[in-house]
Amino acid sequence: MKLVHNGTDWSLVNGNKTILSQKIGKPVIYVGCGQENVDMYRGNFKIEDYVIERRPLAASVVKVDENGAEIDFGGEMTMVIRLDGDLAWLSFTNVNPAINRFWFRVDAKETEHCYGCGEQMSYFNLRGRHFPLWTSEPGVGRDKTTYVTWRSDVENGGAGGDYYNTNYPQPTFVSSEHYYLHVDSTAYADFDFRNPDFHELQIWEVPASIRIEAAGSFLELLEKESAFFGRQPELPEWVYNGLIMGVQGGNERSFGLMEKTLENRIKVSGVWCQDWSGKRVTSFGKRLQWDWHFHEEMYPELPKHIEELHKRGIKFLGYVNPYLVKDGELYKEGLKKGAFAKKSDGTEYLVDFGEFYCAVVDLTNPEAYQWFKDEVIKKHILDIGIDGWMADFGEYLPTDDIVLHSGKSAMIEHNHWPALWAQCNYDALAETGKLGEVVYFMRAGATGSQKHCTLLWAGDQSVDFTIHDGLATVICAALSAGMIGCGLSHSDIGGYTSLFGNTRTKELFLRWAEMAAFTPVMRTHECNRPNENFQYYDDEDCMKQLARLVDVYTMLAPYIKTLVAENAAKGVPVQRPMFLHYEQDLRCYDIQYQYMLGSDMVVAPVYRSGQAEWPVYLPEGEWVHLWTGVEYGQGDYTVAAPMGDTPVLYRKDSVWAKLFESIREKYGK
């Protein structure tokens, strides 16, 4: 990185590529003030902004030395640029307290590609669109042209969502110009990639700093980026032993379905009972009792049953989130401890989660944080032998009339909340020596989740093949999250959300399962309306096909483990965009529905219904079809894709070729 300057004109250049440039008539920074209006209904936010003023800042004084520069913007703001090799660090001092809107322009090329902004579900390449960054429910349908989205909007307070809604936003993007840019702010932001000549980043405060770091290759860039954010730890060994089966309904039903699954030769690594703390039925479907201790009527003597599972080499997983229902026992305890966020009148702030109300554990309060970590996660979960859990939610921090211990505005803490929640879970494991033994999976995320989230899950997809809310979205989600340092991701096999007559089919379940066999973790979910949707354990043929796919997953374990270790050591994701390994191949930059599993496999999941064959693009080299052994070179192909055989090809010269051949010998055609 270097600075080029001439008077008050200046540019930040990486090699021969200009990243920032300011001259007369071409400002880098605009500032102003605005007044937002934010409405929340059950985790869905309607956000509007009235911009009162927006104006450019012209540099009046530029002081340059060998390490960077100090730029004064008319006495209203200063920016200090410090250079260190491939890194540029820009820090800001805001002199004018009236400024609460900040726009930052980054030079761009029309042919440039941009990735990241957290976990994006609809578009991997961000170019040509803008992305509001605010953690929320992602929406049901997420496509304003579909019936499900329309009904969700009309009947559920705008719950339909749009292409940019995500549980995990982050003000970070990676450019095909071989740099990443991160804004140090948790305020509402909107990253706009629509202009051919510049990217405009809007933040609802003057950020503390902006970090821009470059590298010679994408692999090197991700290593630098993840070194800054922190890296996910490796998964526990037991994860690779088979399927984590999602069941519910109490001891008899849950463990009975486990026995049925095992009897049908499906390997089981864990039994996940999300309703271990009890159930609650609402108009949405089966929900949980948000009181995080085991339910003695539904799961009598649960610790004893967990111990018996352990003797059989099977783990038990539960569920927790950072809210407590008002009619629960832990709510009473938290109330006495003063653990909850409050309203301005001093009463507990209660959030509507869909026909029941919960208090918000104030994670900015050190005493509340410690109480939840020690008395809930450690005592009620870890101490009874639970081996993992869904660490759900984190997106619901309201912004109106809520008082937090930190003293910060909820508009600032809202996007920070998922990171605090992740760290609370992480600290519980670290303090008990359980890191590497226990796994929790999260849908919400923020800057800092990288180190503190042991596993991502893609959230609550619809139980269908729709592009913006179905099977396809989890591919895009894994790729985008991987570009900002979260390289371990998985999803609910078969999806979760079933509304308005939209129900899961056997075809959808199996297509999802065959993809999941080529991800870090295989886990099923019965969905929110289990009695109305297809379940694998009700279909003998499905169980046979699922047993085969789980076997393939366990056979791949030696290979996947090396990828998980690489993610922990270097921040290189397990599921990778193809351009990470084929930078010169321009076709690879726009592919978002197929991925590389490590450097040796291309996976092209079937994400549409009624398909018997499927298109695949292969980069340079010699490739072998996993199921048939047919060899291919670079180019576009249509390959057979019968149920159970998602298109997968591996490099002929791979050091893992014998492992891949053994899978074909056992399960190929």
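Residues numbered from 1 in each chain as written. Predicted model: local features only at pLDDT ≥ 70, side-chain atom pairs only at ≥ 80, totals over all residues. Heavy atoms only, no water.

As named in an unreviewed UniProt entry, the chain is Alpha-glucosidase, taken from [Clostridium] clostridioforme 90A6. UniProt's Sequence similarities (unreviewed entry) comment on the chain is quoted here verbatim: "Belongs to the glycosyl hydrolase 31 family." (UniProt positions renumbered as here; feature names shortened; annotations may be inferred.)

A. Local environment of the sheet that holds strand E25 (residues 350–352). Reading across the sheet, the three strands line up as E23-E26-E25 and stay open at both edges, with antiparallel pairing between neighbours. The open sheet has two free edges, formed respectively by strand E23 (323–325) and E25, since each of these has just one partner strand. Across the sheet, the axes of successive neighbouring strands diverge by a mean angle of 40°, strand direction being ignored. With three bridges connecting them, E25 and strand E26 (residues 357–360) associate as antiparallel partners. Note that in E26 the partner of Asp352 across the bridge is Tyr357. (Pairing = 2+ DSSP bridges. Helix = DSSP H or I, 4+ residues; strand = E, 2+ residues; numbered from the N terminus. Axes fitted to C-alpha atoms, helices over the stretch in contact; angles between N-to-C directions.)

B. A look at the packing of aromatic side chains. Counted by the stated rule, this structure contains 51 aromatic pairs. Judged by centre distance (6.5 Å) and plane angle (20°), the ring pair of Phe353 and Phe356 falls under stacked. Assessed through its relative accessible area of 3%, Phe356 is described here as buried. Over the ring of Trp627 we find Arg548; its NZ or CZ atom is 4.8 Å from the centre of that ring. When the ring centre of Tyr617 is taken as reference, the NZ or CZ atom of Arg587 above it lies at 4.1 Å. (Phe/Tyr/Trp six-rings, centres within 6.5 Å; stacked < 30°, edge-to-face > 60°. Buried < 20%, exposed > 50% of the residue type's maximum accessible area, 1.4 Å probe, protein only. Lys NZ or Arg CZ within 6 Å of the ring centre and 35° of its normal.)

C. Spotlight on the UniProt feature "domain: Glycosyl hydrolase family 31 C-terminal" (unreviewed entry) in the chain. Cross-referencing UniProt, the feature "domain: Glycosyl hydrolase family 31 C-terminal" (unreviewed entry) maps to residues 571–655 in the present numbering. As annotated, residues 571–655 has a helix share of 0% and a strand share of 34%, and its two end C-alpha atoms lie 22 Å apart.

D. Geometry of the UniProt feature "domain: Glycoside hydrolase family 31 N-terminal" (unreviewed entry) in the chain. Per the UniProt annotation, the sites labelled "domain: Glycoside hydrolase family 31 N-terminal" (unreviewed entry) are residues 60–192. Spanning residues 60–192, this segment combines 7% helix with 41% strand, and its end C-alpha atoms are found 27 Å apart.

E. Inspection of the packing of helix H5 (residues 329–337) against helix H6 (residues 366–381) at higher detail. In the contact formed by H5 and H6, the axes pass within 11 Å of each other and the chain directions differ by 155°. One way to sum up the angle between H5 and H6 is to call them roughly antiparallel. Relative to H6, H5 is oriented so that their crossing is right-handed. From H5, Leu330, Glu333, Gly334 and Lys337 reach across to H6, where they touch Trp371, Glu375, Val376 and His380. (Parallel < 35°, antiparallel > 145°, perpendicular 65-115°, else oblique. Left-handed = near helix turned anticlockwise from the far one by under 90°. Contact = heavy atoms within 4.5 Å.)

F. Representation of a negative patch on the surface. A cluster of acidic side chains, namely Asp39, Asp345, Asp400 and Asp401, defines a negative patch on the protein surface. For Asp39, the position within the fold is in strand E4 (residues 29–41). (Patch = residues over 30% accessible without salt bridge, like charges linked within 9 Å, V, L, I, M, F, W, Y side chains within 5 Å. Areas by Shrake-Rupley, 256 points an atom, 1.4 Å probe, with all protein chains shown as cover. Salt bridge = Lys/Arg side-chain N within 4 Å of Asp/Glu carboxyl O. Lys, Arg positive; Asp, Glu negative; His and termini not counted. Charge placed at Lys NZ, Arg CZ, Asp CG, Glu CD.)

G. Up close: the nonpolar core. With 176 residues, the main nonpolar core has Trp290, Trp389 and Phe518 as its most contacted residues. Apart from the residues lying within four places of it in its own chain, the contact partners of Trp290 are Tyr319, Asn321, Tyr323, Leu324, Val325, Phe353, Phe356, Cys358 and Phe393. Ranked by size, the runner-up nonpolar core spans 52 residues in total, among them Leu3, Ile99, Cys117 and Phe173. (Core = buried A, V, L, I, M, F, W, Y, C linked by side-chain atoms within 4.5 Å.)

H. Summary view of the state of the cysteines. Under the defined criterion, the tally for this structure stands at zero disulfides. This cysteine, Cys114, is not joined by any disulfide, and Cys117 carries the nearest cysteine sulfur, 8.4 Å off. The class for Cys114 is buried, based on a relative accessible area of 0%. (Disulfide = S-S within 2.5 Å.)

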